[in-house]
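The residues making up each chain are set out below.
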Amino acid sequence: MKNLVFILISFLIAVGIANAQVDITYQKPPKEILDLADVPQTPSVIINDENENIVLLHRSKYKTIVELSETEMRLAGLRINPVTNIGSRTTFYNNITLMKVGEREEITVNGLPAEPRLSYFSWSPDQSKMAFTHTTSRGVELWVLDVANASASKLTAPVLNANTGRPFFWFPNGESFLVKMLPDDKEPLIDKSTAVPTGPRVSVSEGEMAQNRTYQDLLQDRADEFNFEQLVRSKLFRLNLNGEKSEWKETAMTTRINISPDGEYVLVEALEKPFSYLVPYSRFPSKTVVYDKNGNEVKVLLESPLLEEMPKGFMATQKGMRNINWRNDKPATIYYVEALDEGDPAIEKDFRDEVFEWVAPFNGQPKSVLKTIQRYAGILWGNDETAIAFDRWWNTRNAKTYLFNPSDATQKPEILFDRNYQDNYNDPGSFLTDKNEWGENSLVINKNTLYLTGTGHSEDGPRPFFREFNLKTKDVKELWRADGTATLEQIVKVIDPGTGVLLTRVESSNVFPNYFIRNTKKRIAPQQITFFPNPFESLEGVHKELITYQREDGVELSGTLYLPAGYDMEKKEKLPMVLWAYPREFKDAASAGQVTSSPHQFTSPYYGSPVFWVTRGYVILDNAAFPIIGEGEEEPNDTFREQLVANGKAAIDAVDAMGYIDRNRVAVGGHSYGAFMTANLLSHSDLFAAGIARSGAYNRTLTPFGFQSEERSYWEDPEVYNGMSPFMHADKMKTPLLLIHGEDDNNSGTYPLQSERYFNALKGLGATSRLVFLPKESHGYAARESILHVLWEQDQWLEKWVKNKGK
């Protein structure tokens, strides 16, 4: 009898194990969703500065699983196709067409390759041509498009090295390029699957703190080091438009090239050894050198060490020279930044950073031009007397904008704006730049006037603006502001600030976005210059509105509400709802409660959108505000769980009060940190019928030196880490949860292991859950097969556990 019981128990365990895995092929969602998901991708629009020519870049909406399955090596933070020598996750375009501004007819480009895989598009300085790469089965070629003749031609064989990014750079004369090519002495790569180890892998800590984030795709051994070096090494050539080349610089691990505005000098950054197994290649040792246009060394500017050890905090930075660039209002003047606090936020200083400039060929000494109170965040150069600088401090969410005289460091900079950068309603906008005599973007200065453009966030949604800023009085004058009552009109660029001519993009909830030329001074209708049709006609009857509501503690919240086409808003049938959100941290309640969505944004669901399910009879609350607030000395995450639940309850209460939903049939979902939110909500509330969590992290002890906006380490505040981790509370899960994760997720912190271990805990504790791993997919999903399957999984989950709950 005992043997019979043992056999029976063994059989049941075996069946349970067998049933734990589902043998399934890629599935497709129902027709309503599939039709929307398969809408063709609208081409990307590039318009030249003279507003005469439009370049349309066409591509497939998704990659294929075959493309994602091409050879890939993951080294030092890079993902490389070692066969073609370009980033393995590069987005490729498959056609180029042209249009004349104001005309509807598309012009075919002749001479394109037979099976185009195009990327890295770049105007020539005079914008008569556009260079781009084409990736063949053997490698990367350089091509050029002649816009006037609508013809493309090949300049090189497939020998470019695009493993660290753009492999070519125009010289300012527009007649030649500096190009990164594969060296002749490149050695065969090591196949780690067959290589015999020559020794153990050893890492050493010698007492210095190296509190780094949980980076992925790092080097792991000597074989990785060898392969990384072979793939990054390039030889630099000067190449003309006839395809003739001459060697410009010997082989090096070149990662950055920056040509001076006058074309006389070239700044080159190249990696050096030793490499690291702790940090990505951006923190490897490097040498930054300026050469003349013929490749002769002029000056070694910086020899940067390996940056494994950094001070603690988001405002930490490296010691010594950093942020080296050319002033774009000068022919050949370098500027750079040095930390005055040793890069350590814990060291108190009146000024955190100092900016220097140095005129090539560097015979004199660097000259100080500015000190910033907080961490340097950028400069807009204007002329000898006028420049705008920015700094910021994450811990206080403060940003300052300075007006300073770059020729006189003794003249005290004037702080123009001193603000909370999360306060969108009071964002003054961005200063306008345009091409100068060197073909570089610098401040537009009209006598004593600068110009500002901005999103114009308000309680009614965004209302973009164009403003005038007086340099003497500091007065701001509004020249134009979008009406915002029926459309969302965004400024793409200012064509002519003096005459008030703008290029804008206009859309509404059911009118597809198109481009217009608007004259803000003349009472004439805007001129439409693109004519893209609406590909989402099945959504035209969907009701969309921006709703606002309050959390129990008075914090203002908002979200975008969708009701199915034909929904009777008087009868008010109570429907199931999908709530989709992403938590964000704030230091004040006023900023947290601001509206940043527009009810007039065109309804165009992307692969990860919940809006698909409005066609399946669900109410959708998308982009629901989920602020996590920590005012004063309190950190947002100190009350993370409590605020999450309060946000979720407020959202459900608001839509329930409108009479549209059955509050017992509400699903919650999110991606990445939104997935983390979802798991926490299901663990610590009974508000939801089911959840969908995609590509999340669930155990914060696996990201012990900070995550998202959390600066503290696990050892500084283990209660926060444990309290926020759904894994630690898996025993509280009583709500069905769908977990989806890309098997090759490369996002910091969201290792696939996070979902695997969390699912194992849920299963071991008897929770209802399903784990879907997507082969070859990263943090975001790319292959059509994967995306359609994700939509199918989500639809199945929602139909079973939400719409038909209890049936």
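All values reported here derive from a predicted model rather than from experimental measurement.

Asks: Please clarify how the overall build of the chain should be interpreted in this entry.
Replies: Counting secondary structure elements, the chain contains ten helices and 46 strands. Its C-alpha radius of gyration of 28 Å places the chain within 12% of the 28 Å reference for a compact globule of 807 residues. Counting over 807 residues, the chain shows a buried share of 54%. A separation of at least 24 residues holds for 59% of the contacts in the chain among residues at least 6 apart in sequence. Accessible surface for the chain amounts to roughly 36,200 Å². Of this, 47% is attributable to carbon and sulfur atoms. Measuring between centres, the 88 positive side-chain charges of the chain sit 3 Å from its 108 negative side-chain charges.

Asks: Help me understand the packing of helix α6 (residues 640-657) against helix α7 (residues 673-684), please; the structure alone is not making it clear to me.
Replies: A pair of packed helices can be characterised by two numbers: the angle between their axes and the separation between those axes. Between α6 and α7, the shortest axis-to-axis distance is 10 Å and the interhelical angle comes to 85 degrees. As judged from the angle between their axes, α6 and α7 are roughly perpendicular. For the pair α6 and α7, contact is made by F640, R641, L644 and V645 and by Y673, F676, M677, N680, L681 and H684, respectively. Looking at side-chain class alone, the contact of α6 with α7 contains seven nonpolar, two polar and one charged residues.

Asks: It is not clear to me how unusual backbone geometry should be interpreted in this structure. Could you clarify?
Replies: Note on backbone geometry: most residues besides glycine have negative phi, and most peptide bonds are trans. For the bond running from K273 to P274, omega is 10 degrees, close enough to zero to count as cis. The step from A360 to P361 runs through a cis peptide bond, and the omega angle for that step is 10 degrees. Topologically, P361 is positioned in the loop between β21 (353-359) and β22 (367-372). At N51, a residue that is not glycine, the phi angle is positive and equals roughly 55 degrees. Along the chain, the position of N51 falls in the loop between β1 (44-47) and β2 (53-58). N51 sits in the buried class, given a relative accessible area of 12%. At N323, a residue that is not glycine, the phi angle is positive and equals roughly 50 degrees. Turning to its location among the elements, N323 is positioned in strand β19 (residues 321-326). Taking the relative accessible area as the measure of exposure, N323 reaches 39% and is therefore partly exposed.

Asks: Would you mind showing me how to read the nonpolar core here?
Replies: In this structure, L579 and L621 are the most contacted members of the largest nonpolar core, which totals 55 residues. Ignoring any residue separated from it by four or fewer positions in sequence, one finds L621 in contact with I547, Y549, G559, T560, L561, M577, V578, L579, W580, A651 and V655. Formed by 48 residues, the second largest nonpolar core is a distinct cluster that contains L56, M99, L788 and V790.

Asks: I tried to follow the environment of S458 on my own but got confused; where do I start?
Replies: Summarising the element assignment, S458 is placed in the loop between β30 (449-454) and β31 (465-470). A distance of 2.6 Å separates a polar atom in the side chain of S458 from the backbone oxygen of G461.

Asks: What is the right way to look at the pattern of salt bridges in this model?
Replies: A side chain of one charge can pair with a side chain of the opposite charge when the charged atoms of the two come close. Under the counting rule described, the total for this entry stands at 49 salt bridges. Between K474 and E414 there is a salt bridge; the shortest N-O distance is 3.4 Å. Here K474, found in the loop between β31 and β32 (476-481), pairs with E414, found in strand β26 (residues 414-420); they are 60 residues apart in sequence, far enough to count as distant. By relative accessible area, which is 24% here, K474 ends up partly exposed. What you see here is one network of salt bridges that share partners, running through R322, D341, E348, R352, D353 and R375.

Asks: What is the right way to read the packing of aromatic side chains from this model?
Replies: Two aromatic rings are characterised by how far apart their centres lie and by the angle between their planes. Enumeration over the complete set of coordinates arrives at 36 aromatic pairs. Measuring from centroid to centroid gives 5.4 Å for F705 and W715, while their planes differ by 40 degrees, and the two rings are tilted. Of the two residues, F705 is situated in the loop between β44 (690-694) and α8 (718-724) and W715 in the loop between β44 and α8; the sequence distance between them amounts to ten residues. Accessibility expressed as a relative area gives 28% for F705, which makes it partly exposed. Relative accessible area serves as the criterion here: at 57%, W715 is assigned to the exposed category.

Asks: How should the confidence of the model for the chain be read in this particular structure?
Replies: Low pLDDT marks stretches whose predicted atomic positions should not be read closely. Mean pLDDT for the chain: 94, with 97% of residues reaching 70 or above. Counting interchain partners and residues more than four positions distant, the pLDDT-below-50 stretch residues 1-19 has zero contacts.

Asks: What's the story with the sheet that holds strand β13 (residues 176-181) in this structure? I'm lost.
Replies: To summarise the sheet geometry, strands pair through backbone hydrogen bonds and adopt either a parallel or an antiparallel arrangement. Reading across the sheet, the seven strands line up as β12-β13-β14-β15-β16-β17-β18 and stay open at both edges, with antiparallel pairing between neighbours. At either end of the open sheet lies a strand with only one pairing partner, and these are β12 (168-170) and β18 (297-304). Recorded for the sheet is a direction-independent mean angle of 35 degrees between the axes of neighbouring strands. By the bridge criterion, five bridges tie strand β14 (residues 234-240) to strand β15 (residues 245-259) in an arrangement that is antiparallel. In the strand pairing of β15, L239 is matched with K245. With respect to the sheet, helix α4 (residues 222-232) is in contact with β14, β15 and β16 (265-271), its orientation differing from that of β15 by roughly 120 degrees.

Asks: Where do I start with a nonpolar patch on the surface in this structure?
Replies: Residues F351, I373 and I415 make up a contiguous nonpolar surface patch of roughly 220 Å² in combined accessible area. Relative to the elements of secondary structure, I415 occurs in strand β26.

Asks: Is there a simple way to explain the sheet that holds β2 in this structure?
Replies: Read from one edge to the other, the open sheet built from four strands follows the order β1-β2-β6-β7, with strand pairing classed as antiparallel. A strand with exactly one partner marks an edge of an open sheet, and here the two such strands are β1 and β7 (107-108). By the bridge criterion, four bridges tie β1 to β2 in an arrangement that is antiparallel. The residue of β2 that forms the bridge with S44 is L57.

Asks: Got a minute to help me understand the pairing of strand β34 (residues 501-508) in this structure?
Replies: A large share of β34 lies buried, amounting to seven of its eight residues. Inspection of the sheet shows strand β33 (residues 488-496) paired to β34 by seven bridges, in the antiparallel sense. Looking at β34, one finds that V494 is bridged to L502. The loop that links β33 with its antiparallel partner β34 comprises four residues; one of these, G500, has a positive phi angle of about 75 degrees. By the bridge criterion, seven bridges tie β34 to strand β35 (residues 511-519) in an arrangement that is antiparallel. Counted as the bridge partner of R505 is Y515 from β35.

Asks: Help me out: how do you make sense of the environment of N699 in this one?
Replies: Position of N699 relative to the elements: it lies in the loop between β44 and α8. With a relative accessible area of 10%, N699 lands in the buried category. For N699 and N722, which are 23 residues apart along the polypeptide, the C-alpha to C-alpha distance reads 7.9 Å. Apart from the residues lying within four places of it in its own chain, the contact partners of N699 are S725, F727, M728 and Q754.

Asks: Where do I start with α7 in this structure?
Replies: The first and last C-alpha atoms of α7 sit 17 Å apart over twelve residues, in line with the 16 Å expected at 1.5 Å per residue. For α7, a buried count of eleven out of twelve residues is recorded, marking the element as mostly surrounded by other parts of the structure.

Asks: Even after reading the chapter, I still don't get the pairing of β31, so can you show me in this structure?
Replies: The two faces of a sheet get side chains in turn, since along a regular strand they alternate between them. Pairing of β30 with β31, which is carried by six bridges, proceeds in the antiparallel orientation. The partner of T453 across the bridge, within β31, is F466. Sheet topology places β31 next to β32; five bridges connect them, and they run antiparallel. Directly across from F465, in β32, lies its bridge partner R481.

What counts and what doesn't
Residues numbered from 1 in each chain as written. Predicted model: local features only at pLDDT ≥ 70, side-chain atom pairs only at ≥ 80, totals over all residues. Heavy atoms only, no water. Helix = DSSP H or I, 4+ residues; strand = E, 2+ residues; numbered from the N terminus. Rg over C-alpha atoms; globule rule 2.2 N^0.38 Å. Buried < 20%, exposed > 50% of the residue type's maximum accessible area, 1.4 Å probe, protein only. Contact = heavy atoms within 4.5 Å. Areas by Shrake-Rupley, 256 points an atom, 1.4 Å probe, with all protein chains shown as cover. Lys, Arg positive; Asp, Glu negative; His and termini not counted. Charge placed at Lys NZ, Arg CZ, Asp CG, Glu CD. Axes fitted to C-alpha atoms, helices over the stretch in contact; angles between N-to-C directions. Parallel < 35°, antiparallel > 145°, perpendicular 65-115°, else oblique. Nonpolar A, V, L, I, M, F, W, Y, C, P; charged D, E, K, R; others polar. Core = buried A, V, L, I, M, F, W, Y, C linked by side-chain atoms within 4.5 Å. Polar contact = N/O pair within 3.5 Å; in protein donor to acceptor, adjacent residues only side chain to side chain. Salt bridge = Lys/Arg side-chain N within 4 Å of Asp/Glu carboxyl O. Phe/Tyr/Trp six-rings, centres within 6.5 Å; stacked < 30°, edge-to-face > 60°. pLDDT = per-residue confidence, 0-100. Pairing = 2+ DSSP bridges. Patch = residues over 30% accessible without salt bridge, like charges linked within 9 Å, V, L, I, M, F, W, Y side chains within 5 Å. Expected span 1.5 Å × (residues − 1).

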